[in-house]
Amino acid sequence: MTKRIDEFAFRPLRTRSMAALLLAMFAIALGYGFLLPILPSTIARIVDSSDTAVLSRHTGVLTGIYTLALFLFAPLWGRLADKYGRRPMIVAGLAGFASTLALFAMAETLPTLYLGRFLNGAFASAIAPAAYAVGDRAPTKEWRAHRFALLNIAGASGFLVGPMMGGFIVSGVRIALPGLGEAAVSRSPFFATSAFAVVVAFLILSFVPGKVARGSVRRQDARGMGGRAALPRLLAVSFVTALAVGAFEVGLSLRGIESLGMSTYRLGLMFTECSFVMLVAQSVVFSPLVRPEATRWLLTPALAILAAGVAAVPFALSEISMTVVVAVIAASAGVLSPVVTYWISMSAGERQGVELGWQTASASLGQAAGSAAGGVLFNLTLVPNASFTLTAVAVLGGLVASVGIPRLLVSNDQQSSVSSTAVPSTTKSASGDRS
């Protein structure tokens, strides 16, 4: 019996199981991204107003309430995933996400709109902690690293495709069904994304194992004192990275329009560049070119580059120089996000869902705070270029916290090497005694 359990614990996920998890990450990011360009028109339909101040206020608050729900519920979902298994939490999250998207689409009043958006974020927060917790089936650290990279790429791809997909569906429905009312046309992307999430939920239910694997590589390389001490610092790095990205995105929009005179089309290209560069960076950082153990040394340099990039935004006075700055910020953030997630998983031990839930929460809180700060501080005259300068200072604070992380994690790495060689002989000995 023990032998069967060991084999089960060290057996990695099948390709179809991993593909279902990738689709789950893609679906949630898609559900967030497609709404961005059509949210103002959805609000305008409900409030029956084209006042830009009203639309911008509700757009900002609705985006913030989604992020707040992620912050509040991700740790809870992670705890439940540790207790009851990954599959039921992902299925529940996808089913709830699909249902609340439909509720949001059918809303006719602002309170219903806000309720739908909050619940949408609450269910979406179930996906990432449980999906990243596939690390408890990792036969090797390389396996875990590559799968984490794929999950990050799936999320980035969904966010990249989402805005284009929303507009494409609306345009396609208008052409295909010219007699359909405007309200029905505006709801079509919601129902399409909702249906996709339901299909992915069935795939998760069919292909992803329901049990939590025990005794995998994560138990051997995660529970040193250094790893536990590194967790708060890793969460701080996750927070400041998301803070910088949130502040940069808002600041780029405002500066591009007010200072550089960019068109909406040019700004869209900037954001597309940002998403693409992040996707490439996430693909490279855990590729065969980089050993997983070495990635802990990338944290401090990447934070230094991120701080410099954010601080340089006000000095980018042309579209060409802004393109370079966007690439620098996107590349550094694209490195930091998967590396932090990987090492939090490696340091979480049996609390994979809980700690990865806190990572999702810290990133969500950082993004919300950064977005708010990017808008509020943009015109502050007390500090020159306040939204970028103060954000860069916050990132430097994360840099200070990151300096000791590689040293804290090195003992875990060494422990992994010893344990990984010891486990097979122990198992063999035990098997021999039973014989």
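Bear in mind the structure is a predicted one, so any value in this text is a computation, not a measurement. (Residues numbered from 1 in each chain as written. Predicted model: local features only at pLDDT ≥ 70, side-chain atom pairs only at ≥ 80, totals over all residues. Heavy atoms only, no water.)

Caption draft 1: Quick peek at the environment of Gly374. For Gly374, the location among the structural elements is in helix α15 (residues 352–376). Residue classification places Gly374 among the buried residues on the basis of a relative accessible area of 0%. In this structure the C-alpha to C-alpha distance between Gly374 and Gly246, which are 128 residues apart in sequence, comes to 7.3 Å. Discounting residues that sit within four places of it in the chain, Gly374 has contacts with Ala247, Val250, Leu254 and Ser387. (Helix = DSSP H or I, 4+ residues; strand = E, 2+ residues; numbered from the N terminus. Buried < 20%, exposed > 50% of the residue type's maximum accessible area, 1.4 Å probe, protein only. Contact = heavy atoms within 4.5 Å.)

Caption draft 2: Layout of the environment of Gly167. Note that Gly167 resides in helix α8 (residues 141–176). Considered as a pair, Gly167 and Leu35 are 132 residues apart in the sequence and their alpha carbons are 9.3 Å apart.

Caption draft 3: Geometry of helix α9 (residues 182–207). For α9, with 26 residues, the first-to-last C-alpha span of 39 Å sits near the 38 Å given by 1.5 Å per residue. For α9, the principal kink sits at Ser188 and spans about 35 degrees; a proline, Pro189, occurs within the next four residues. The complete set of buried residues in α9 reads Val185, Ser186, Arg187, Ser188, Pro189, Phe190, Thr193, Ser194, Ala197, Val200, Ala201 and Ile204. Those residues of α9 that are buried are in contact with α2 (15–33), α3 (39–47), α5 (86–106) and α8. (Expected span 1.5 Å × (residues − 1). Bend = angle between axes of the 7 residues up to and from the residue.)

Caption draft 4: Examining α3 more closely. Listed as buried for α3 are Leu39, Thr42, Ile43 and Ile46. Buried residues in α3, looked at end-on, bunch into an arc of 95 degrees, giving them a common side. (Arc of directions from axis to C-beta.)

Caption draft 5: Broad picture of the packing of α8 against α9. Where α8 contacts α9, the axes come no closer than 9 Å and their chain directions differ by 130 degrees. One finds that α8 runs oblique with respect to α9. The two elements α8 and α9 cross, and the hand of that crossing is right-handed. Residues Met165, Gly166, Ile169, Val170, Val173 and Arg174 of α8 form the contact with α9, whose own contacting residues are Glu182, Val185, Ser188, Pro189, Ala192 and Thr193. In terms of residue class, the contact of α8 with α9 is made up of seven nonpolar, three polar and two charged. (Axes fitted to C-alpha atoms, helices over the stretch in contact; angles between N-to-C directions. Parallel < 35°, antiparallel > 145°, perpendicular 65-115°, else oblique. Left-handed = near helix turned anticlockwise from the far one by under 90°. Nonpolar A, V, L, I, M, F, W, Y, C, P; charged D, E, K, R; others polar.)

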